[in-house]
Amino acid sequence: MTGTETPTHCPYCALQCGMSLRPVAGPEVAEVVERTGFPVNRGALCGKGRSAPAVLRRGVRLTSPLVRRRPGGELEEAGWDEALGRIAGGLGGVRAAHGADAVGVFGGGGLTNEKAYALGKFARVVLGTSQIDYNGRFCMSSAAAAHQRAFGLDRGLPFPLEDIPRTGCVILVGSNLAETMPPALRYLTELKANGGRLIVIDPRRTRTAEQADLHLAPRPGTDLALALGMVHLVVAEGRVDEEFVRARTRGWEEARAGAMAHWPELVERICGVPVARLREAVELFCGAESGMVLTARGPEQQAKGTDTVGAWINFCLATGRAGRPLSGYGCLTGQGNGQGGREHGQKADQLPGYRKLTDPAARRHVAEVWGVDPESLPGPGRSAYELLDALGQDVRALLVMGSNPVVSAPHASHVERRLASLDFLAVADVVLSETAALADVVLPVTQWAEESGTTTNLEGRVVLRRRALDPPEGVRSDLEVLHALAGLLGHGKGFPADPAEVFEELRRASAGGAADYAGITYERIAAEDGVFWPCPDADHPGTPRLFLDRFATEDGRASFVPVVHRAAAEETDREYPVVLTTGRVVAQYQSGAQTRRVDELNAAAPGPFVELHPRLAERIGVAEGEPVAVTSRRGRAVAPARITGAIRADTVFMPFHWPGEGRANTLTNPALDPVSRMPEFKVCAVRLEAAR
Ligand code: SF4
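What comes next concerns the included structure. (Residues numbered from 1 in each chain as written. Predicted model: local features only at pLDDT ≥ 70, side-chain atom pairs only at ≥ 80, totals over all residues. Heavy atoms only, no water.)

**Considerations on the pattern of salt bridges**
Considering all chains together, one arrives at 45 salt bridges under this definition. One salt bridge in this structure joins Glu-611 and Arg-204, with 3.0 Å as the shortest N-O distance. Of this pair, Glu-611 sits in strand β24 (residues 610-612) while Arg-204 sits in the loop between β9 (197-201) and β10 (214-216), and the two are 407 residues apart along the sequence. Comparing Glu-611 with Arg-204 shows no difference in burial state: the two are buried. Across the pair Arg-396 and Asp-423 runs a salt bridge, and its minimum N-O distance is 3.2 Å. Residue Arg-396 is found in the loop between α15 (384-389) and β16 (397-401), and its partner Asp-423 is found in the loop between α17 (412-420) and β17 (424-429); the two are separated by 27 residues along the sequence. Its relative accessible area of 40% is what places Asp-423 among the partly exposed residues. What emerges from the salt-bridge pattern is a single network uniting Arg-69, Glu-76, Glu-82 and Arg-86. (Salt bridge = Lys/Arg side-chain N within 4 Å of Asp/Glu carboxyl O. Helix = DSSP H or I, 4+ residues; strand = E, 2+ residues; numbered from the N terminus. Buried < 20%, exposed > 50% of the residue type's maximum accessible area, 1.4 Å probe, protein only.)

Listed below in C-alpha cells is the structure:
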C-alpha cells in the first residue's frame with residue numbers, strides 16, 4: 001500500500017486528534033498529513049502525534065513472537081503456532097489446575113472499542129474468569145464513579161469541546177493541558193479572547209496555569225477541602241441557585257451541612273490557599289453567566305478521588321452550573337480510548353454498553369447476544385491494582401493486552417515482583433515493553449495505522465481509525481490473537497477477527513445500555529466526523545450535549561453527595577517530610593513504551609527528573625541537574641534535579657514515563673479510593689537527599 005492518504009486519528013491521548021497518513025517508501029513507512037477538517041484539533045497535533053509513525057518502523061517494534069522455552073531462559077523468536085499454543089496451554093493449564101479465577105486478564109485504555117469488547121467477552125466466555133480489569137482504572141475511574149453517583153451516567157464531557165470558548169468561566173482542576181494535550185489549549189485561548197475567565201487549580205505553576213486569570217496552588221491531596229471551602233463560600237455569600245437546586249437536584253441539605261463545616265479559614269490552613277483567593281475564585285465563577293468545572297488526574301488520582309470530584313460536582317450543582325447550555329462538570333479523560341475502554345466490558349464490574357455485571361437484566365441481554373447462559377457469566381472481579389497484587393497467589397496466569405504495569409502501576413517494584421511470580425505470563429504488545437520482557441510468551445501485534453477500529457474521545461465522540469498501511473510480515477492484530485486463542489480453547493465461533501464484524505456485535509450488545517452505540521455505524525462516523533453516544537438507532541442524531549432536560553437518574557434529578565475532607569492516605573512526618581506528586585510531560589505518553597522509542601521525543605524529554613523548589617534544593621544541597629534520591633516507604637528513585645520556583649516548597653514532582661532507577665512509580669502509594677479503587681498516584685510522603 002503506497003501513496004494513498006487515509007484519514008485517521010492519533011494513537012495516543014483522549015483528544016484523538018484527526019490526522020491523515022500517507023504511506024512512503026523506505027524505512028519511514030508513513031508520514032503524517034494535516035487533517036484540518038476534523039473539528040476537535042483542526043489539523044493541530046502535538047509532537048507525539050506528529051512523530052507517531054516512527055513506532056511503525058521495523059527495528060523499533062516487534063515482528064516475531066517470542067517465547068521463553070525454559071524457566072529463567074531468554075526470550076527467543078518463535079512461530080505463531082508455537083506461541084499461540086503455549087498461551088492456550090499456559091492459560092488452559094492453570095485454569096484446569098486451579099479454577100477459572102486463577103487466570104487473569106489485564107487490558108488497556110488504549111485498546112479500540114472492538115478490542116476492549118472482545119477482550120471482556122474472551123475473559124468471561126472463553127476463560128470463564130471474573131479476573132479482568134485494565135489500566136484505565138488508574139486513569140479516570142474516580143471521575144467515572146462520581147459521574148455515576150451524581151448524574152446516573154458517566155461520560156467524560158457532557159458537552160463538546162467547542163462549547164468551552166463560549167462559557168463564562170472555566171475552573172480547571174489538576175489538569176495541565178499544555179503538557180497533556182496541547183491542541184486543546186486553543187479552547188482556553190478562545191475562551192479568554194471571548195472575555196471568559198480561567199481559573200487553574202494546581203500545586204505547580206504549569207504552562208497552563210500561567211494562562212489563568214487566577215491560579216490557586218493547594219498542597220497536593222487537599223483539593224477536596226478546597227472544593228468544600230468554595231461551596232461554603234457560595235452558601236455564605238448567597239450565591240446558591242435555589243431555583244435550580246429545587247427543580248433539578250436532590251440531597252442539597254446534607255451536602256450543604258458537610259460543606260458548612262469547612263470554613264474558609266480552616267480550608268486555608270489545610271490547603272495553603274488564602275481565603276481572599278478562594279473568594280476571588282467564587283466571585284469570578286458565580287459572576288459569569290455560565291461556567292464549567294473540568295477536572296483531570298490531579299483531584300482524581302487520590303484515595304478520596306471520588307469524593308473530591310463529588311465536591312466539585314456539588315459546587316456546579318449549587319451554583320446551577322450543570323444541566324444547562326454552556327455549563328457543567330466534565331472530566332478530561334487521559335488515555336486514547338479512556339472513555340470507550342471503560343464502556344464495553346474490560347472493567348472488572350462491567351458488561352458492554354456500560355451495563356453492570358451484577359444486574360440480572362444486563363446479564364440476560366448480553367448473554368443472549370453472546371449465545372451463552374446468563375448463569376455462566378462470572379460476577380465482578382478485582383480492580384486493577386488488587387488484581388496485580390494477587391498475581392502469583394490467587395491469580396497464577398495472566399494475559400496482558402496493551403498495558404505496561406511495570407512502569408505505570410503504583411508501588412511498581414512490588415507489581416514487578418508479583419508479575420515475576422506468576423506460573424505463566426503472556427503479553428501482546430507492539431514493542432518489548434518492560435512488562436513484555438518478563439513474559440513467557442510475547443505476541444507482536446499490529447498498531448493503530450495498520451488496523452481499523454473505533455475509539456471514543458473525551459467528548460463521548462465515537463471516531464474511526466482506518467487501516468492506512470499494510471502491517472509488516474510477522475505481526476497479527478489483537479482481534480486475530482483473540483480469535484485464534486478462543487479457537488484453541490474450544491470456542492471456534494463468536495470471536496471474529498474483523499473489527500467491523502466485532503463492532504456490529506458491540507452495537508447489539510450495547511443497545512439499551514447507558515452507553516448505547518446501536519445507531520452508530522462506521523459509515524456514519526466517517527460521514528459525520530464522529531457520532532456522540534448515546535445514539536440508540538440509525539435515525540438518532542447522537543447526543544453531543546447531555547442532561548439539558550433531565551439527568552440520567554430514575555427521577556431525572558442530579559444527586560448532591562455529602563462529602564467531608566479527610567487527610568491523604570499517607571501524610572508527611574519527620575521521616576518523610578515532603579509530598580511527592582506525579583504526572584506527565586508533553587513529549588512522552590503514559591509508560592513511555594512507544595514514545596521512548598522515538599528519537600525526536602527522547603531529544604525533548606530524555607529522562608526522568610525531580611522538580612523541586614529552590615529553597616528545598618538549597619536545604620538538601622543539590623544544584624540544577626545533580627542527582628536527587630527520593631525515598632518513600634515503598635522504595636527509592638534517583639533522578640536529576642530540576643529546580644524551579646513554579647512548585648510549592650513542600651512538594652516535589654516527578655513524571656512517571658520511565659523505568660529503572662528514576663521510576664516514579666517505585667515510590668507511589670497504592671492506597672485505593674473505596675468507591676473507584678483508584679490508587680493514590682498524586683500524593684505520597686517522601687524524603688529527599690543529594691545522591692552524589
Ligand atoms: Fe495525539 Fe493527544 Fe497529541 Fe492530539 S494531543 S496529537 S491526540 S497525543
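**Observations regarding the pairing of strand β3 (residues 30-33)**
Direction of pairing for strand β2 (residues 18-23) relative to β3: antiparallel, over a ladder of 4 bridges. Its bridge partner being in β3, Ser-20 is matched across the sheet by Val-33. Between the end of β2 and the start of β3, which pair antiparallel, lie 6 residues, with Gly-26 showing a positive phi angle near 100 degrees. (Pairing = 2+ DSSP bridges.)

**With respect to the environment of Phe-503**
Take Phe-503: it is sitting in helix α19 (residues 499-510). Not counting residues within four places of it along the chain, the set of residues in contact with Phe-503 comprises Glu-114, Thr-454, Tyr-517, Ile-520, Thr-521 and Tyr-522. (Contact = heavy atoms within 4.5 Å.)

**Some details on the sheet that holds β9**
Spatially, 5 strands are ordered β10-β9-β8-β12-β13 in an open sheet, and the strand pairing comes out parallel. At either end of the open sheet lies a strand with only one pairing partner, and these are β10 and β13 (328-331). Going from strand to strand, the sheet's axes swing by 15 degrees on average, the running direction of each strand aside. Examined bridge by bridge, strand β12 (residues 291-295) and β13 share 4 bridges and lie parallel to one another. Residue pairing in the sheet places Thr-295 in a bridge with Cys-331 of β13. Across the sheet, helix α13 (residues 305-318) lies against β8 (169-173), β9, β12 and β13, angled at about 175 degrees from β12, the strand it touches most. (Axes fitted to C-alpha atoms, helices over the stretch in contact; angles between N-to-C directions.)

Scope: geometric values only; no functional claims are made or implied.
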